[in-house]
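# Overview (structure and organization)
Residues per chain, in single letters:
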Amino acid sequence: RWNDEHVNNLVSGIKKSLEECKVEEDNIFETEVPGSFELPLAARYLALSGTVDAIICCGVLIKGETLHFEYICSAVSDGLMTVGLQTATPVIFGVLTCLNEEQVISRSTGTSNHGEDWGKTAVEMALLRTEALGMKDKMGSMGFGNSSDDKESGDGKKEKFGFF
């Protein structure tokens, strides 16, 4: 697996933020692919399964001496965007594209772990999709709260949970 240590750090950040958003561990499906180039196809399989509310594709690409980096970055970003648009499933681009390992480390560790942002983005986009497509009854099964988590304000209106 390519850049395994860095990807594992990012995945840890994703899981941390999903936990903060009250996503139940049983509702997190994790799988691996050989490299970033395979992410769009794996994301498409997951999206077409109808069993996920959002997909976070996590990877690390580090520029080398050839144009390979540019080709892979382009193919992966285009592929992931296509999956999201064609399936109406939020697909989060969690792929670091860096010039060197130092940049990767600064974006995948400590308080700058981009994985944390990607986890929150996935929850926000899943909630947006649910609301936009009129799927509010499904929210209880999404794994990050349910309709009983809505809080009623003093004027009788329910406050929405999430990142709105």
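Let me sum up the structure you'll find in this document. (Residues numbered from 1 in each chain as written. Predicted model: local features only at pLDDT ≥ 70, side-chain atom pairs only at ≥ 80, totals over all residues. Heavy atoms only, no water.)

## Looking at the overall build of the chain
Looking only at helices and strands, the chain has 5 helices and 4 strands in total. Helices and strands appear in the chain in the N-to-C order α-α-β-α-β-α-α-β-β. Within the span of the chain, comprising 164 residues, buried residues form 38% of the whole. Sequence-distant contacts, at least 24 apart, represent 69% of the contacts inside the chain between residues at least 6 apart. Of the roughly 10,000 Å² that the chain leaves accessible, carbon and sulfur atoms contribute 51%. (Helix = DSSP H or I, 4+ residues; strand = E, 2+ residues; numbered from the N terminus. Buried < 20%, exposed > 50% of the residue type's maximum accessible area, 1.4 Å probe, protein only. Contact = heavy atoms within 4.5 Å. Areas by Shrake-Rupley, 256 points an atom, 1.4 Å probe, with all protein chains shown as cover.)

## Examining a negative patch on the surface
On the surface, a cluster of negative charge is contributed by Glu 19, Glu 24, Glu 25 and Asp 26. Looking at the secondary structure, you find Glu 19 in helix α1 (residues 4-20). Taking relative accessible area as the criterion, Glu 19 reaches 62% and is therefore assigned exposed. (Patch = residues over 30% accessible without salt bridge, like charges linked within 9 Å, V, L, I, M, F, W, Y side chains within 5 Å. Salt bridge = Lys/Arg side-chain N within 4 Å of Asp/Glu carboxyl O. Lys, Arg positive; Asp, Glu negative; His and termini not counted. Charge placed at Lys NZ, Arg CZ, Asp CG, Glu CD.)

## A few points about the packing of α1 against helix α4 (residues 101-108)
Two elements in contact, α1 and α4, have axes separated by 9 Å at closest approach and are oriented at 20 degrees. The angle between α1 and α4 places the two elements in the roughly parallel class. Crossing of α1 over α4 shows left-handed handedness. Taken together, the residues of α4 that come into contact with α1 (itself represented by His 6, Asn 9 and Leu 10) are Glu 101, Val 104, Ile 105, Arg 107 and Ser 108. Taken together, the residues of the contact of α1 with α4 sort by class into 3 nonpolar, 3 polar and 2 charged. (Axes fitted to C-alpha atoms, helices over the stretch in contact; angles between N-to-C directions. Parallel < 35°, antiparallel > 145°, perpendicular 65-115°, else oblique. Left-handed = near helix turned anticlockwise from the far one by under 90°. Nonpolar A, V, L, I, M, F, W, Y, C, P; charged D, E, K, R; others polar.)

## Describing the pattern of salt bridges
As enumerated under the stated definition, the model contains 4 salt bridges in all. Between Lys 16 and Glu 116 there is a salt bridge; the shortest N-O distance is 3.6 Å. With Lys 16 in helix α1 and Glu 116 in helix α5 (residues 114-132), this residue pair connects regions lying 100 residues apart in the sequence. Here Lys 16 falls in the partly exposed class, since its relative accessible area comes to 42%. Across the salt bridge formed by Glu 70 and Lys 63, the nearest N and O atoms sit 2.7 Å from each other.

## Regarding the side chain of Arg 129
Looking at the element boundaries, Arg 129 is found in helix α5. The charged side chain of Arg 129 is buried without a salt bridge, its nearest counter-charge being Asp 53 at 4.6 Å.

## What to know about the environment of Val 95
Inspection of the secondary structure assignment puts Val 95 in strand β2 (residues 91-98). Sequence separation between Val 95 and Gly 115 is 20 residues, and the spatial gap between their C-alpha atoms is 9.4 Å. The residues contacting Val 95, other than those within four sequence positions of it, are Ser 36, Leu 39, Cys 57, Gly 59, Val 60, Leu 61, Val 76 and Trp 118.

## Some thoughts on the pairing of strand β1 (residues 55-62)
Burial of β1 is extensive: 6 of the 8 residues sit out of reach of the surface. Here β1 runs beside β2; their pairing, made up of 8 bridges, is parallel. Each residue of the ladder has a partner; that of Val 60, found in β2, is Leu 96. In this view, the connection linking β1 to its parallel neighbour β2 by way of helix α3 (residues 68-87) has right-handed handedness. (Pairing = 2+ DSSP bridges. Right-handed = clockwise from strand over helix to strand, strands pointing away.)

## A few points about α4
The distance from a side-chain oxygen at the start of α4 to the backbone nitrogen of Glu 102 is 3.1 Å, and the residue carrying that oxygen is Asn 100. One or two steps after α4, the chain reaches Gly 110, where phi turns positive at roughly 55 degrees. (Polar contact = N/O pair within 3.5 Å; in protein donor to acceptor, adjacent residues only side chain to side chain.)

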